[in-house]
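Secondary and tertiary structure notes
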Amino acid sequence: VNSEFADKYIMEYSPNAGDNLYLPKEASITTYMDRGEKVLSSDGKEYTGFKREKSAIYLYTDPDRADVYELPLYMYKGYKAVDTSTNEELKVEKSNSGLVSVAVPKGHECIRISYAGTALQKISDVISLLTTALVFIVIIKKRREIFNAG
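Residues numbered from 1 in each chain as written. Predicted model: local features only at pLDDT ≥ 70, side-chain atom pairs only at ≥ 80, totals over all residues. Heavy atoms only, no water.

This paragraph deals with the sheet that holds strand β10 (residues 92-94). Reading across the sheet, the 5 strands line up as β4-β3-β7-β11-β10 and stay open at both edges, with antiparallel pairing between neighbours. Of all the strands in the sheet, the pair left with one neighbour each is β4 (46-47) and β10. Relative to strand β7 (residues 67-74), strand β3 (residues 39-41) runs antiparallel, the two sharing 2 bridges. Bridging across to β7, S41 finds its partner in Y69. (Pairing = 2+ DSSP bridges. Helix = DSSP H or I, 4+ residues; strand = E, 2+ residues; numbered from the N terminus.)

Structural data, given as structure tokens:
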């Protein structure tokens, strides 16, 4: 494991996953398990104006109030927060407990937070698809050569 990765993450056993997980160094597996599916506002109180839909969390906020929300998601590169009406991207940061934190300024009503992946992940997906297509092309060409030779 490279030193930059080791400086940012720790490995803990998760009874829910049945395996070890790499977590942000500030986090603990018990952080999430003890807290559950709760969103906290900047004053540390539970915020109920949200819903989880598949792999996204939607925050329904008061447009007349700015606040910072801590979500029940471990922070990894690749999370995005987007205002659903304007498509404006908001800044996603790591909270003191290693979870996803989003600062929502005034004027926003619905924010979608989801894992979009990193540029490197997207590039590797494209390379994998191209490699798979190339393998199929080579197989088809070899079969045609064998069929035409026979």
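Further notes follow.
For the rest of this paragraph, the subject is unusual backbone geometry. Its identity is not glycine, yet K54 carries a phi of approximately 55°, on the positive side. Positionally, K54 belongs in the loop between β5 (50-53) and β6 (56-60). We classify K54 as exposed; its relative accessible area is 81%. In this structure, N87 takes a positive phi of about 65° despite not being glycine. Relative to the elements of secondary structure, N87 occurs in the loop between β8 (79-83) and β9 (89-90). (Buried < 20%, exposed > 50% of the residue type's maximum accessible area, 1.4 Å probe, protein only.)

This brings us to the environment of A149. Mapped onto the elements of the fold, A149 is located in helix α3 (residues 119-149). Classification of A149 as exposed rests on a relative accessible area of 69%.

Our focus in this paragraph is the sheet that holds β9. Here 5 strands make up an open sheet; going across it, the order is β5-β6-β12-β8-β9 and the pairing antiparallel. Here the strands that pair on one side only, and so sit at the sheet edges, are β5 and β9. By the bridge criterion, 5 bridges tie β6 to strand β12 (residues 110-115) in an arrangement that is antiparallel. When the sheet's bridge partners are listed, L59 is paired in β12 with I111.

Here the focus is the side chain of R35. Within the secondary structure, R35 is located in helix α2 (residues 29-35). Assessed through its relative accessible area of 12%, R35 is described here as buried. Within polar-contact distance, the side chain of R35 engages the backbone oxygen of K38 at 2.7 Å. Engagement of the side chain of R35 in a polar contact is seen with the side chain of E70, the distance being 2.4 Å. (Polar contact = N/O pair within 3.5 Å; in protein donor to acceptor, adjacent residues only side chain to side chain.)

Right, let's talk about the pattern of salt bridges for a bit. Considering all chains together, one arrives at 7 salt bridges under this definition. For the salt bridge of R52 with E37, the shortest nitrogen-to-oxygen distance reads 2.8 Å. Within this pair, whereas R52 is found in strand β5, its partner E37 is found in the loop between α2 and β3, the two being separated by 15 residues in sequence. For R52, a relative accessible area of 37% translates into the label partly exposed. Given a relative accessible area of 36%, E37 falls into the partly exposed group. (Salt bridge = Lys/Arg side-chain N within 4 Å of Asp/Glu carboxyl O.)

What follows deals with the nonpolar core. Core analysis: the biggest nonpolar cluster contains 18 residues, and L59, L71, V100, V102 and I113 have the highest contact counts within it. Put simply, the parts of the chain that give this core at least two residues each are β6, β7, β8, β11 (99-104) and β12. In this structure, L59 is in contact with V39, Y47, G49, F50, Y69, L71, E109, C110, I111 and I113, ignoring residues within four places of it in sequence. One finds L23, A27, I29 and L99 within the second-largest nonpolar core, a separate group that totals 5 residues. (Core = buried A, V, L, I, M, F, W, Y, C linked by side-chain atoms within 4.5 Å. Contact = heavy atoms within 4.5 Å.)

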